[in-house]
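Geometric and topological summary
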Amino acid sequence: MCGIVGAIAQRNVVPILLEGLQRLEYRGYDSAGLAVVKEGQLQCVRSTGRVADLRERSAATEGPLGIAHTRWATHGVPSERNAHPHLSNDRIAVVHNGIIENYEELRASLTVAGYVFTSDTDTEVIAHLIHSHYAQGLSLLAATQVSLSELVGAYAIGVVACDEPDRLICARRGSPLLLGVGIGEYFIASDVSALLPVTRQVVYLEEGDVVELKRDGYRIFDAGGAQIERPVQTSELSNESVELGAYRHYMQKEIHEQPQALANTLESVCNSQSLVPGIFGAEAAATFADIDSILILACGTSNHAGQVARYWLEELAGIPCRVEVASEYRYRVSVPNPKALVVVISQSGETADTQAALNHAKAQGHVHTLAICNVPESALVRLSKLRLLTRAGPEIGVASTKAFTTQLAALFLLTLVLAKQRGRLTEQQESQYLHELRHLPSAVQKVLDLEPQIAKLAERFADKHNALFLGRGMHFPIALEGALKLKEISYIHAEAYPAGELKHGPLALVDKDMPVISVAPNDALLEKLKSNLQEVRARGGELYVFADADTHIREADGIHVMQMPEHAGYLSPILHTIPLQLLAYYVALQKGTDVDKPRNLAKSVTVE
Ligand code: G6P
């Protein structure tokens, strides 16, 4: 969601900006733009097309200092005039990620002061505000600092001025931004992947930081205005990990990366003979000893991972667990329990609602916090006392795949550690579960081998407008995830129900045009599920069943069975996720949608 790139160098930075924007495309956007400073002039190019279109439009643009942006509309429709950068009096250009909450008041006072607004965005007020202070004689840095103190809301910004060819200013509060360190050149970006072609040396900015970058160095000022050093780190992200390679889409690549991603996430545990709380951080043992329940806060796919974990945590660890949608929890009057472990789950670690929910929980007196996250330097990891990093590698496709299954693996580890600490795991069970975890990557690989059959099956969905997903027990959240994947990338309306709820409403929708997809593991609820499937068949519904080998669910008229290779016990939700991801992917191919960048969606939702 909104991507920022900026550069100050001794060479033309336009190719760097465009390459960076291209690499941020996955975050989701509906327009793009850039501004460069050259010989005292600001040149600005904007487009409502893809970055490729912006590239064509900027063929004649060049300069050694510039900022660029991909916009995901919040204030104002996607249009060229609302695209960033926003200019003030053709002298100052600003790119912004986040939302300024007091922009209407600021806009009113700036209008009175004579500023003319040409867009509907909240960002334009930042440009005029900085200009108003700069025009009073403040330096660009000071003008930006004063302006930021007048803003309420979240931002990451980049600022350039045509009279300041040797300076790039940036700042962050509530939205991600980092610095890239080169030799005689410096960069800013929303995430590291944008900068990999030019540097892997990065500085992660803290909340409230303001930075002045010049060609011979940079100065960081913290939220209180004091100059401060931040460590330069070498990013471990490799160029290959963000390149498509032989795959047609990132989503397909990421589905296939799951065996490796799971192996990486489980590496430290699988190499050892027993589970220790220390994998969650030094304070984990003491924290886990002090808790009496779990509160999981997350959004989207990450929330579904939390919903699976609830079954594991209550059944295996015997610990009460609540799972809440972060955007609801943050505004709900709830009853705080300082003995609860608050677990935030997030691929990006930057989701605004999850951050706000965590801060809300803390403000309510919750002290035990754990982040399960895929991005080590992210806000959620920094805000939490404990952490377990999923090691899925960069996930570029907007529809989350490998992040989800690695979150599940991490949550299963949490379950086992808590079960052990609470005396509910014998040594024998522990080594059995560790054995199953070691086997997980190859079990997932076997499910991936179903790809050709699923691709064929997907052809039957090409003309469908609705779909119903059924699951029971810990596979109900997998049905939810399957439905979410399908709607996200194929735009087919899909809903998920616990199969037992079928007769309380959704059965009314079942007819020959409503495909019903069922997750059918060989577990204690199998016979109940089979009865639910009969209810669908009796109403003429077409069934697509992903069944474990020994469930004895047979192909018949109107019943299509995909045979899953094995039953994985408690880890079964991870295996059953894979065919639903593949189904959504191949249905989207049938529909011809933009698989990696579905309409209206963003990878990382950094605004409310
Ligand atoms: C967006 C993404 C989803 C993701 C959700 C939560 O909606 O498109 O794929 O599940 O945000 O993101 P997070 O980074 O917190 O897991």
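Because the structure is a prediction, the values reported are computed rather than measured.

1. Points about the overall build of the chain
The helix and strand inventory of the chain stands at 18 helices and 25 strands. The C-alpha atoms of the chain give a radius of gyration of 25 Å, which matches the 25 Å a tight globule of 608 residues would have. Projected onto the principal axes, the alpha-carbon positions of the chain cover approximately 80 × 55 × 45 Å. Each of the 608 residues in the chain was classed as buried or not, and the buried ones make up 60%. The long-range share in the chain, meaning contacts at least 24 apart out of those at least 6 apart in sequence, stands at 72%. On the chain, roughly 22,500 Å² of surface is accessible, and the fraction owed to carbon and sulfur atoms is 50%.

2. Some words on the sheet that holds strand 12 (residues 210-214)
Sheet architecture is open: 7 strands sit in the order 5-6-7-8-12-13-14, paired in antiparallel fashion. Every interior strand has two partners, whereas the edge strands, strand 5 (86-88) and strand 14 (227-228), have only one. In this sheet, strand 6 (residues 92-100) lies alongside strand 5 in antiparallel orientation, the contact comprising 3 bridges. Opposite His86, over in strand 6, you have Val94 as the bridge partner. Packed onto the sheet, helix 4 (residues 123-134) meets strand 5, strand 6 and strand 7 (153-161) and runs at close to 130° relative to strand 6. Against the sheet, helix 5 (residues 140-149) engages strand 6, strand 7, strand 8 (168-173), strand 12 and strand 13 (217-221), with an angle of about 160° to strand 7.

3. As for the site of the ligand
Taken together, 13 residues lie near the ligand, and Ser302, Ser346, Gln347, Ser348 and Thr351 sit nearest. In the environment of the ligand, an oxygen atom lies 3.0 Å from a nitrogen or oxygen atom belonging to the backbone of Thr301. At a separation of 2.5 Å, an oxygen atom of the ligand approaches a polar side-chain atom of Thr351. When the ligand sits alone it has 380 Å² of accessible area, and the protein chains cover 90% of it. A majority-of-atoms criterion places the ligand in the second largest pocket. For the shell around the ligand, the element with the highest residue contribution is helix 9 (residues 300-316), accounting for 3 residues. Along the lines of polarity and charge, the residues of the shell around the ligand split into 4 nonpolar, 8 polar and 1 charged.

4. Notes on helix 15 (residues 451-458)
Along helix 15, the residues classified as buried are Glu451, Ile454, Ala455, Leu457 and Ala458. Projected down its long axis, helix 15 carries its buried residues within an arc of 160°, all on one side. In this structure, helix 15 carries Pro452 and Lys456 as exposed residues pointing more than 90 degrees from its buried face. Each element contacted by the buried residues of helix 15 is listed here: helix 6 (250-256), helix 14 (427-448), strand 24 (542-548), strand 25 (559-564) and helix 18 (572-591).

5. Things to note about the domain arrangement of the chain
Split into domains, the chain comes out as domain 1 (2-242), domain 2 (250-448) and domain 3 (451-591). In this structure, domain 1 and domain 3 have C-alpha centres spaced 45 Å apart.

6. Description of the packing of helix 9 against helix 16 (residues 476-490)
Running from N to C, helix 9 and helix 16 point in directions that differ by 165°, and their axes come no closer than 8 Å. For the element pair helix 9 / helix 16, the angle class is roughly antiparallel. When the axes of helix 9 and helix 16 are compared, the crossing they make is left-handed. Together, Gly300, Thr301, His304, Gln307, Val308 and Tyr311 of helix 9 and Phe476, Pro477, Ile478, Leu480, Glu481, Leu484 and Lys485 of helix 16 make up the contact between the two elements.

7. What about empty space enclosed by the protein?
Following the criterion strictly, the structure yields 2 cavities of 30 Å³ or more and no others. In this model, the largest cavity occupies a volume close to 70 Å³. Considering the residues around the largest cavity, the lining is formed by Cys2, Arg71, Trp72, Thr74, His75, His84, His96, Asn97, Gly98, Thr121, Asp122 and Thr123. Looking at which element gives the most residues to the lining of the largest cavity, the answer is strand 6, with 3 residues. Here the lining of the largest cavity is built from residues that sort into 2 nonpolar, 8 polar and 2 charged. Put simply, the second largest cavity is a space of about 40 Å³. What lines the second largest cavity is Arg472, His475, Val519, Pro521, Asp523, Leu525, Leu526 and Leu529. Along the lines of polarity and charge, the residues of the lining of the second largest cavity split into 5 nonpolar, 1 polar and 2 charged.

8. So, the state of the cysteines
Within this structure, the stated rule accounts for 0 disulfides. Cysteine Cys162 is unpaired, with the sulfur of Cys44 as its nearest cysteine sulfur at 12 Å. Cysteine Cys299 remains unbridged, with the sulfur of Cys373 as its closest cysteine sulfur at 12 Å.

9. Regarding the environment of Val375
With respect to the secondary-structure elements, Val375 resides in the loop between strand 19 (368-373) and helix 12 (379-383). Its relative accessible area of 27% is what places Val375 among the partly exposed residues. Spatially, the C-alpha atoms of Val375 and Ala392 are 9.3 Å apart, while their sequence positions differ by 17 residues. In contact with Val375, other than residues within four places in its own chain, are Gln347, Ser348, Val381 and Leu389.

About the thresholds
Residues numbered from 1 in each chain as written. Predicted model: local features only at pLDDT ≥ 70, side-chain atom pairs only at ≥ 80, totals over all residues. Heavy atoms only, no water. Helix = DSSP H or I, 4+ residues; strand = E, 2+ residues; numbered from the N terminus. Rg over C-alpha atoms; globule rule 2.2 N^0.38 Å. Buried < 20%, exposed > 50% of the residue type's maximum accessible area, 1.4 Å probe, protein only. Contact = heavy atoms within 4.5 Å. Areas by Shrake-Rupley, 256 points an atom, 1.4 Å probe, with all protein chains shown as cover. Pairing = 2+ DSSP bridges. Axes fitted to C-alpha atoms, helices over the stretch in contact; angles between N-to-C directions. Near = heavy atom within 4 Å. Polar contact = N/O pair within 3.5 Å; in protein donor to acceptor, adjacent residues only side chain to side chain. 1 Å grid on protein atoms, 1.4 Å probe; cavity = no way out; pocket = protein on both sides within 12 Å on 5 of 7 lines; lining within 4 Å. Sits in = over half its atoms within 2 Å of the grid points. Nonpolar A, V, L, I, M, F, W, Y, C, P; charged D, E, K, R; others polar. Arc of directions from axis to C-beta. Domains from an automatic or database assignment. Parallel < 35°, antiparallel > 145°, perpendicular 65-115°, else oblique. Left-handed = near helix turned anticlockwise from the far one by under 90°. Points joined across faces, edges and corners; volume = space filled by probe spheres on them. Disulfide = S-S within 2.5 Å.

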